[in-house]
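Breakdown of the fold
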2 protein chains.
Amino acid sequence: MELFEPAACTVDLARGVLDGAGGRYEKRLSDLAGLYEDEAAFAALLAVEDPVVYEVTDFRPSAHAGDLVFGMTRMAPGRVGREFFLTRGHLHARADRPEIYHGQSGRGLMLLESPAGETRTLSIGPGTIAYVPPFWIHRSVNLGDDHLVMVFCYPADAGQDYDVIARSGGMRHRVVAEGAGWALADNRGYRPRPPEAVAALLATAA
Amino acid sequence: MELFEPAACTVDLARGVLDGAGGRYEKRLSDLAGLYEDEAAFAALLAVEDPVVYEVTDFRPSAHAGDLVFGMTRMAPGRVGREFFLTRGHLHARADRPEIYHGQSGRGLMLLESPAGETRTLSIGPGTIAYVPPFWIHRSVNLGDDHLVMVFCYPADAGQDYDVIARSGGMRHRVVAEGAGWALADNRGYRPRPPEAVAALLATAA
């Protein structure tokens, strides 16, 4: 196997990027069509501007099993109707791969869903390290008034399956504003995964 | 496969531990006998006290291939003769497994060595994320006057091979004080790995 050179990146909190990481992508509001319940609010927001909702800078050494990808996510604050700005969310294409998220600044939430439709939430602030275990669908939500910045790390062979969320009509719960805080609200369009789909996902352990 | 519960830990910088991590171990100076060149300085230091040189708190969800272990290392500042306090150092038992180290506070260095005996160093301070690629032996060194605190993450099936360093009579280079800074010094006891040992290590890619 090829020998890689050791390397170092630097967390730039002011810009919300990982300097030296090499990889970068961003998602604008228009890339997230269909994720929010309030389509009128979404259209009204988009008519005014198409902001960057989140930006990812990442370091990907190789796709070799057992190697690690790490990077940084910077999420803008904002709402679409009563829903907070969120990431598209994913399960890993190799569903048995985990991920960790290390909060750097801002205030947010990891929304998790098991294949069988159980919901969990983990609060993320500066200094929190959230562990997303194998088989949990996950999405980040910015609950604050500032950018939410997190460092992440996952196995390089994990991959991302975004369709798993689309196939069930979204995640089971939405994260909505309630007073000065937040609450979980039912996603009325949610279609539970059939037992055979749940079993198929859980059977993918390497 | 068993479904794990999502979990969150908290970086406690003041204490230098990862709250909620579950696992913990420490290495005192007496645990590190034989690593330093100046045996008289080592014995003199140990005659006065046996300080904790480093403490690790970690979260180990499972040893499942593709799962992730993460945690925190807190290294005391100090010197043995002209050498800075260091960790024992290791290659992963599965030598093709990498590791990342994310500096939280203090000032240090990752000393790396390839199987063929090439040396690299990565400076680590707050906000640095150092990537230790597969197959690189690595050891942390505290260059500062304060504790060096780092968050780390590695594949759960990586394991640690400490003997690889002992077999070669230590790492090829030592990190020593030079003026107000540091320098690499030859380890006079170093025995290069034979080509067949290098090839055997590199052949372990999964």
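Please read these numbers as outputs of a predicted model, since none were measured by experiment. Residue indices begin from 1 for each chain and proceed along its sequence in written order. Throughout, the order in which chains and ligands are written sets their labels, letters from A for the former and numbers from 1 for the latter. Local features in this predicted model are restricted to residues whose pLDDT is 70 or higher, and side-chain atom pairs enter the listing and the counts only when it is 80 or higher, whereas totals over whole chains, interfaces and linings include all residues.

1. Here we look at the sheet that holds strand 9 (residues 108–113) of chain B
All names here are of chain B. Note the threshold: By the convention used here, strands pair only if DSSP detects at least 2 bridges between them. Starting at the N terminus, helices and strands are each numbered in turn, a helix being any DSSP run of H or I of at least four residues and a strand any DSSP run of E of at least two. Note on geometry: axes are C-alpha line fits, over the in-contact stretch for helices, and angles between N-to-C directions span 0 to 180 degrees.
Spatial ordering of the open sheet is given by 10-9-12, a layout of 3 strands whose pairing is antiparallel. Both outer strands of the open sheet, strand 10 (119–124) and strand 12 (137–142), are each paired with one neighbouring strand and no more. Neighbour to neighbour, the strand axes of the sheet diverge by 20° on average, direction disregarded. Bridging between strand 9 and strand 12 involves 6 bridges; their strand directions are antiparallel. Considered in strand 12, the bridge of Gly108 is made with Asn142.

2. Some words on the relation of the copies chain A and chain B
Rules: All copies are superposed by least squares; the fitting set is the C-alpha atoms of residues with a pLDDT of at least 70 in both.
Of the transformation placing chain A onto chain B, the axial shift is 0.0 Å and the rotation is 180°, giving an RMSD of 0.0 Å. Those values place the two copies in the arrangement expected of a two-fold rotation axis. Scanning chain A for the C-alpha nearest the rotation axis identifies Gly66 of chain A, at a separation of 3.1 Å.

3. Describing the environment of Val56 of chain A
All names here are of chain A. Filter applied, for reference: Contact between two residues is assigned whenever their backbone-derived C-beta positions fall within 7 Å.
As for its placement among the helices and strands, Val56 is situated in strand 4 (residues 52–59). In the structure, Val56 is positioned 32 residues away from Arg24 in sequence and 5.5 Å away in space, judged by C-alpha atoms. Setting aside residues up to four positions removed in sequence, Val56 forms contacts with Arg24, Tyr25, Gly71 and Thr73.

4. Observations regarding the pairing of strand 10 (residues 119–124) of chain A
Residue and element names in this part refer to chain A. Relative to strand 10, strand 9 (residues 108–113) runs antiparallel, the two sharing 6 bridges. Considered in strand 10, the bridge of Glu113 is made with Thr119. The turn linking strand 9 back onto strand 10 is made up of 5 residues, and Gly117 within it adopts a positive phi angle of 95°.

5. Some thoughts on the environment of Val176 of chain A
Residues and elements named next belong to chain A. You can see Val176 is positioned in strand 14 (residues 173–178). Each C-alpha atom, one on Val176 and one on Tyr162, is 22 Å from the other, the two residues being 14 residues apart in sequence. Excluding its chain neighbours within four sequence positions, the residues that come into contact with Val176 are Arg82, Glu83, Trp182, Ala183 and Ala185.

6. Here's the deal with unusual backbone geometry
We note that Phe135 of chain A has phi near 80°; this positive angle belongs to a residue other than glycine. As for its position among the elements, Phe135 of chain A is in the loop between strand 11 (128–132) and strand 12 (137–142).

7. Overview of the interface of chain A and chain B
When the parts come together, some accessible area is lost, and that loss is often what is quoted as the size of the interface. This is how it is decided: Only Asp, Glu, Lys and Arg are considered charged, only Ala, Val, Leu, Ile, Met, Phe, Trp, Tyr, Cys and Pro nonpolar, and every remaining residue, Gly among them, polar.
Contacts between chain A and chain B engage 44 residues on the former and 44 residues on the latter. Elements supplying a minimum of two residues to the side of chain A that touches chain B: strand 1 (7–12), strand 5 (68–75), strand 8 (99–105), strand 10, strand 11 and strand 13 (148–155) of chain A. In terms of residue class, the side of chain A that touches chain B is made up of 32 nonpolar, 6 polar and 6 charged. In this structure, strand 11 of chain A lies alongside strand 1 (residues 7–12) of chain B, joined through 4 bridges in antiparallel fashion. Bridging from a neighbouring strand, Thr128 of chain A pairs with Thr10 of chain B of strand 1 of chain B.

8. Points about the environment of Met72 of chain B
All names here are of chain B. Stated precisely, the cut-off is as follows: To assign burial, the other C-beta atoms lying within 10 Å of each residue's own C-beta are counted, with C-beta atoms placed from the backbone; 20 or more indicates buried, 12 or fewer indicates exposed, and intermediate counts indicate partly exposed.
Relative to the elements of secondary structure, Met72 occurs in strand 5 (residues 68–75). Its 27 C-beta neighbours within 10 Å are what place Met72 among the buried residues. In the structure, Met72 is positioned 65 residues away from Ile137 in sequence and 19 Å away in space, judged by C-alpha atoms. Ignoring sequence-local partners within four residues, the contact set of Met72 consists of Val11, Gly16, Val17, Leu18, Thr57, Val149, Met150 and Val151.

9. Structural notes on the sheet that holds strand 1 of chain A
Within the open sheet, the 8 strands sit side by side as 2(A)-1(A)-11(B)-8(B)-13(B)-5(B)-4(B)-3(B). Their pairing is antiparallel. In this open sheet, the two edge strands, each paired with only one partner strand, are strand 2 (17–19) of chain A together with strand 3 (23–28) of chain B. Between one strand axis and the next, the sheet turns through 25° on average, direction left out of account.

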